[in-house]
Amino acid sequence: MKEIFKITISLTAVCIGAAIILGAVFTQTEHIRKEQEEKTKKQTIEALLGYGPGKQAPPSLHVFSVYRYVIATPNKERMLAYVLPVKDGGHVILEIDLTGEPRRVIPLKAKEAELAEEGLRDRVVKEAIGKDYQVTFAQALYIADEEGKRLGYVIPSVTQGFKTFIHMMVSLNPQLTLNGIAITESEEDPGLGAEIEQPYFKNQFEGKTLEQLKNLKVVKEPLPQDYFTVLEPEKAKLAGLSAAQVKEIRDKFKDADIFALTGATISSRAVLNGVQDAVRKFAYRLGVLQAAIQKKNIQTAF
Amino acid sequence: MNRNLQLLWNGFIPENPIFRLALSLCPAVAVTTSVKNGLMLGLAVVFVQVFSSCTVAIFRSFIHPRIRIPAYVIVIALWVSVIDMVLPVISPEVYKQVALFVKLIVVFAIIISRLELFASKEPLVPSFFDGLGMGIGFLFGLCLIGAIREFFGAGQLFGLDVLGFKPLLVMILPAGGFFVIGFIMATFNYIEYKLTGKIPASGGGH
């Protein structure tokens, strides 16, 4: 009987000690980690829009964040709510019901920085919509404008990978043709599924139109050597290919399906599914959103 | 030879965790598709092994023998979590590469086996060298397997094209990992047989 107390105390002491150390380290590192995450996100979006090291994003480039919320009214009616930036610098919440009809427009008095942080934003939005509403965050969208003209859209997407979820960002141009994709978070197997982050896989999506994407498949065929070379920008440079030659080879494979990664067909399919899903839903939602904005005559910032 | 140096050397070759003790073979097969992966995981293991060995060696008298295994698991998980939180702050680039592997280390047999067999009985300094030696031995094993698999499977070394073609794709697939480990283990046993004249017992001598 005495021993059981000793064991309990000993194990509890070990756990408490470990918890104190973990807590201390967590509080010291958490805000730095968050800052870095924000920075990486910004860089990923800029890279998808064609800016990165060596090509500074111009000051005329504006990336607007639009947040989509799913809300349920007190009498259990489901609706969507978009947080939109407006011309004078503030934000509004636009409610759209499931038939696409706009409902209320609620002005939002919150700063950009407050909205960027997920927990804070959820609270602000819930307060604005109403206490007895159920508010769930669904997705963020990024709309990029350059010199007053639409440059493109960046949509985050999540898909079931081989083991866990693959988080990615899909970039579209104003005609909804794929500009490129970026894998932001994945836990695929190194050397096999993790190859989805390599340019020779990612760049295969570049230039696929909305129509093409619908019927795109993953094929289990070896990647042709010339296609591989142009997909890897550095390899193409090494091989001494001119821009015209690169374009010629790319045109040859314009209608090609996605070539599966060796030993990672499931991961390859997962990425394609994620992209197809994200783009299909986005194309539909964008139409609804734009119609609703027009009906309510909201002067959006983008 | 100095005992500490001997402990260091012991983990490196005579009791190499992968080829002699045959421990933690699962990660050794799973992530060694390239030298870089092996190196990253190996480095993470060195840190966790050394920190865990030292912690257990310091607190060994406080840990009740009946609950030593859960206590060790907590110690390992603690250090893994600390590395997982501190590394992205110190160096986000390196963390991006190792993030996947760091979380796997909690369940590595080699670490808990060293805590149980060595650190729980010995004082701090020998435990440190034993942990360091075992970690380096594991790192060496992963790099060796990774180099062989990457060279034959992808025709590359450290991600750079060496051959320009892929001689044996099977090497980069899981089956190749078993082949490579089997062959290296056989080589180790052969060398031991030549040196001592004794036929090594099954399980790599243990």
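Along each chain, residue indices are assigned from 1 in the same order as the chain's sequence is written. Chain A is the first chain written and ligand 1 is the first ligand written, with later ones labelled in order. Where totals are concerned, whole chains, interfaces and linings use all residues; where local detail is concerned, this predicted model gives features only for residues with pLDDT of at least 70, and gives and counts side-chain atom pairs only at 80 or more.

Chemist: I'd love a proper account of the overall build of chain A, names of residues and values included.
Modeler: Strands are runs of DSSP state E lasting at least 2 residues, helices are runs of H or I lasting at least 4, and numbering of each runs from the N terminus. When its secondary structure is counted, chain A shows nine helices and 10 strands. When the backbone C-alpha atoms are referred to their principal axes, chain A occupies close to 75 × 65 × 35 Å. Burial is judged by counting other C-beta atoms within 10 Å of a residue's own C-beta: 20 or more means buried, 12 or fewer means exposed, and anything between counts as partly exposed, with every C-beta placed from the backbone. The proportion of buried residues among the 302 residues of chain A is 27%. Any two residues are considered in contact once their C-beta atoms, placed from the backbone, lie within 7 Å. Considering only contacts within chain A whose residues lie at least 6 apart along the sequence, 57% involve residues at least 24 apart.

Chemist: A description of the pairing of strand β3 (residues 91-97) of chain A should follow, citing residues and the corresponding values.
Modeler: Look at any regular strand and the pattern is simple: side chains alternate between the two faces of the sheet. Residues and elements named next belong to chain A. Counting buried residues in β3 gives six out of seven residues, a clear majority hidden from the surface. In this analysis, strands are considered paired if DSSP registers two or more bridges between them. As judged from the seven bridges shared by strand β2 (residues 78-85) and β3, these two strands associate in the antiparallel manner. Its bridge partner being in β3, Leu80 is matched across the sheet by Ile96. Count of turn residues in the β2/β3 antiparallel hairpin: five residues, of which Gly89 carries a positive phi of about 105 degrees. As paired elements, β3 and strand β4 (residues 102-108) share five bridges and run antiparallel to each other. When the sheet's bridge partners are listed, Ile96 is paired in β4 with Pro102. Remark: four residues form the turn of the hairpin made by β3 and β4, two consecutive strands paired antiparallel; Gly100 in that turn has positive phi of roughly 95 degrees.

Chemist: Describe helix α9 (residues 265-296) of chain A, and please don't skip the residues or the numbers.
Modeler: What a helix should span is 1.5 Å times the count of its residues minus one. Between its terminal C-alpha atoms α9(A) stretches 46 Å, which fits the 46 Å expected from 32 residues at 1.5 Å a residue. Backbone geometry just after α9(A) places A:Asn297 at a positive phi near 55 degrees.

Chemist: Summarise the interface of chain B and chain A; cite the residues concerned and give the values.
Modeler: Across the contact, 25 residues belong to chain B and 22 residues belong to chain A. Mapped by element, the contributors of at least two residues to the side of chain B that touches chain A are α4 (68-90) and α5 (92-102) of chain B. Here the element with the most residues in the side of chain B that touches chain A is α4(B); it accounts for 10 residues. Only Asp, Glu, Lys and Arg are considered charged in this grouping, and only Ala, Val, Leu, Ile, Met, Phe, Trp, Tyr, Cys and Pro are considered nonpolar; every other residue, Gly among them, is considered polar. In terms of residue class, the side of chain B that touches chain A is built from 19 nonpolar, five polar and one charged.

Chemist: I'd love a proper account of the confidence of the model for chain B, names of residues and values included.
Modeler: Residues and elements named next belong to chain B. What pLDDT conveys is the predictor's confidence in a given residue, as a value from 0 to 100. With 96% of its residues at a pLDDT of 70 or more, chain B shows a mean pLDDT of 83. At the low end of the mean pLDDT range in chain B sits strand β2 (residues 160-161), at 74; at the high end sits helix α7 (residues 124-154), at 89. Across the predicted assembly, pTM comes out at 0.70 and ipTM at 0.74.

Chemist: So what's going on with the nonpolar core? Residues and values would help.
Modeler: All names here are of chain A. A set of buried Ala, Val, Leu, Ile, Met, Phe, Trp, Tyr and Cys residues, joined to one another through C-beta atoms within 7 Å, is what we call a nonpolar core. Judged by nonpolar contacts, the single largest core of 56 residues is most densely connected at Tyr82, Leu94 and Val170. With 10 residues, the single largest contributor to this core is α9. In this structure, Leu94 is in contact with Ala81, Tyr82, Leu84, Pro102, Val105, Ala292, Ile293, Lys296 and Ile298, ignoring residues within four places of it in sequence.

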